[in-house]
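# Coordinate analysis (summary)
Chain residues, written in single-letter form:
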Amino acid sequence: QAHRYRRELDPEAAELPGLAGRAAQHLSAAGRAALHRGDARAARTLLERATAVLPPDDERRLAHVPELADAYHETADKRAFEILTKARSAGNPITRARAAVRLGTFDLERPSEIAKAQRAALLEEARAVFEAESYDLGLAEYWRAEAQERWAAARAAETAEACEHALFHLERAGAAQTHIGQRT
């Protein structure tokens, strides 16, 4: 609200970009917390607000996309695929990779969108980025997606192995209690 009121009073104020960034951080943190506690509707609203407070050309808008896509997916909002596709053009390789994992994961339920080979390519591309960056949360997301792929192929032992990898990386990232950890 502080950002909105300040923008209404003086749209050219020098402190607006910083205020927008802080507002987006707070809204995003609240949105992720809502997602972690299973309140996808609140998460969707808060993450949409976090995105909206930033300027349209601000790269930070795309950083919220993975969690916003999770909230959209949980609430059966069809915009998840659209925003993930847009996030694939992000400048930040982690954001691109996290979007790729979700595109591959969500598409198990919509096989007409992306073929199995394309899903596998998306996941491998993401894994390479996460490993290069030593990004444990991303590796957990990758292994969770691998577990889903293996489960869909009725390969139980391989599914269990992928889940173990996901849990290992979730623990290293300190994220075992997140919405990703709760589903693994």
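Nothing here was measured: the structure is a model prediction, and the numbers come from that model. (Residues numbered from 1 in each chain as written. Predicted model: local features only at pLDDT ≥ 70, side-chain atom pairs only at ≥ 80, totals over all residues. Heavy atoms only, no water.)

On to the confidence of the model for the chain, then. Looking at the chain, the pLDDT average stands at 86 and 84% of residues meet or exceed 70. By mean pLDDT, helix α11 (residues 179-183) is the weakest element of the chain at 59, and helix α3 (residues 40-52) is the strongest at 95. (pLDDT = per-residue confidence, 0-100. Helix = DSSP H or I, 4+ residues; strand = E, 2+ residues; numbered from the N terminus.)

All chains considered together, the criterion is met by two aromatic pairs. A centroid spacing of 5.8 Å and a plane angle of 40 degrees characterise the contact between Phe130 and Tyr135, whose relative ring orientation is tilted. Owing to a relative accessible area of 0%, Phe130 belongs among the buried residues under this scheme. Given a relative accessible area of 24%, Tyr135 falls into the partly exposed group. Both rings, one in Tyr142 and one in Trp143, keep their centres 5.1 Å apart while their planes meet at 75 degrees; by these two values the pair is edge-to-face. The same class applies to Tyr142 and to Trp143, which are both buried. (Phe/Tyr/Trp six-rings, centres within 6.5 Å; stacked < 30°, edge-to-face > 60°. Buried < 20%, exposed > 50% of the residue type's maximum accessible area, 1.4 Å probe, protein only.)

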